[in-house]
Amino acid sequence: MLQYEGDVYRPPSEWRSLIVQATVGCSNNSCTFCGMYKEDVFHVKDEAQLFRDLEEEAYHYSDYERIFVADGDALCLPTDRLLRLFHKLKDLFKRAKRIGIYATARDVNRKSLEDLVQLREAGLGMVYLGVETGSRDLLKEIKKNMSPEDMVQAAKKLHEAGLAQSVTLIAGLAGRGRSIQYAAETAQLVSQMNPDYVSYLTLNLQEGSELMARYRRGDFVPVGAEEALAEIYDFLNHYQGQGPTVFRSNHASNYLALAGDLPQDIPYLKKAIENTIETGNYRAEFSRRL
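Summarised in this report is the structure supplied together with it. Only a predicted model underlies this, so the values are computations on that prediction, with no experimental measurement involved.

Reading the values: the criteria
Residues numbered from 1 in each chain as written. Predicted model: local features only at pLDDT ≥ 70, side-chain atom pairs only at ≥ 80, totals over all residues. Heavy atoms only, no water. Axes fitted to C-alpha atoms, helices over the stretch in contact; angles between N-to-C directions. Helix = DSSP H or I, 4+ residues; strand = E, 2+ residues; numbered from the N terminus. Parallel < 35°, antiparallel > 145°, perpendicular 65-115°, else oblique. Left-handed = near helix turned anticlockwise from the far one by under 90°. Contact = heavy atoms within 4.5 Å. Nonpolar A, V, L, I, M, F, W, Y, C, P; charged D, E, K, R; others polar. Buried < 20%, exposed > 50% of the residue type's maximum accessible area, 1.4 Å probe, protein only. Salt bridge = Lys/Arg side-chain N within 4 Å of Asp/Glu carboxyl O. 1 Å grid on protein atoms, 1.4 Å probe; cavity = no way out; pocket = protein on both sides within 12 Å on 5 of 7 lines; lining within 4 Å. Points joined across faces, edges and corners; volume = space filled by probe spheres on them.

Concerning the packing of helix α1 (residues 47-60) against helix α2 (residues 79-92)
Phase 1: The N-to-C vectors of α1 and α2 enclose an angle of 15°; their axes lie 10 Å apart at closest approach. Of the possible angle classes, the one that applies to α1 and α2 is roughly parallel. Seen from above, α1 lies across α2 with right-handed handedness. From α1, E47, L50, F51, L54, E55 and A58 reach across to α2, where they touch R81, R84, L85, K88, L89 and L92.
Phase 2: Partitioning the contact of α1 with α2 into residue classes produces seven nonpolar, no polar and five charged.

Structure (structure tokens):
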């Protein structure tokens, strides 16, 4: 059976997938908001052992329809290593329709277009990119180590390679009183990227993160429900992507569950936010602040 090291994370949409931990931790691991991999020293798992574990897993159950390759940015692996893994997965799990993977824009941009096409042909179907914000200043502040230009270049390469991309954004990254000012820049960036999926989360302070330490020192104040929703509203107000883009803001961190398609559902989504702010009818279980 598959052996996991540390805590393993996956996108919400991969909840029924086989999780294959090809790397441990995150090779970037500097983002101030993230506490997910702080206890892990990034390393690549032994290929021979991983393949033996996959063979045993397939012996017990091989009918997975989706596979997700972890950890935090497994696309950082060399292309030939990924191709061997994908071919192994296709051989063992013949019903699998799609392989998904976490990546940074830097991971994508290090690959050639030919590399990405080869990975798609080997089964890769979804690349999850943590964009977080479109603000150059805020990207520096949260130590993302990537620029808006990096994100646009990565999106273009993924489109050219025929790979679907899912972009994650986080409301409230700048803290109370500052977050809304960055929404227009985020909308501009994501409009240029024109991804297949956009998921807008709300900042949830995590143990072990730099932002949690700042909060405890008293120099970071999280946004409240109204400001978090106002940031998403302003993003929608400035969004000019061609689409079609599936938009979701229904993660457990969000004060209001939103779902629609961009750009056609923007009026409906904005109206839902307006009504919720007017009535104060936020999701009760997430209306508490630290």
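A closer look at the side chain of S191
Phase 1: Topologically, S191 is positioned in helix α7 (residues 183-193).
Phase 2: On the accessibility criterion, S191 (15% relative accessible area) is buried.

Some details on the pattern of salt bridges
Phase 1: Counted under the stated rule, the structure contains 16 salt bridges.
Phase 2: Between E47 and R84 there is a salt bridge, with its nearest N and O atoms 2.9 Å apart. Of the two residues, E47 sits in helix α1 while R84 sits in helix α2, which places them 37 residues apart along the sequence.
Phase 3: The class of R84 is partly exposed, set by a relative accessible area of 39%.
Phase 4: Notably, a salt bridge pairs K144 with E132, separated by 2.8 Å at the nearest N-O pair. One end of the pair, K144, is in the loop between α5 (136-141) and α6 (148-161); the other, E132, is in strand β6 (residues 124-132), and 12 residues separate them in sequence. Neither K144 nor E132 differs from the other in exposure class; each is buried.
Phase 5: Overlapping salt bridges, with partners in common, bring together E47, D80, R81 and R84 in one network.

Notes on empty space enclosed by the protein
Phase 1: Overall, the coordinates contain one cavity of 30 Å³ or more when judged by the stated rule.
Phase 2: Roughly 40 Å³ of volume is contained in the largest cavity.
Phase 3: Of all the secondary structure elements, the ones that give two or more residues to the lining of the largest cavity are α1 and α2.
Phase 4: In the lining of the largest cavity, the residues fall into six nonpolar, no polar and one charged.

This is a description of form; function is not addressed.
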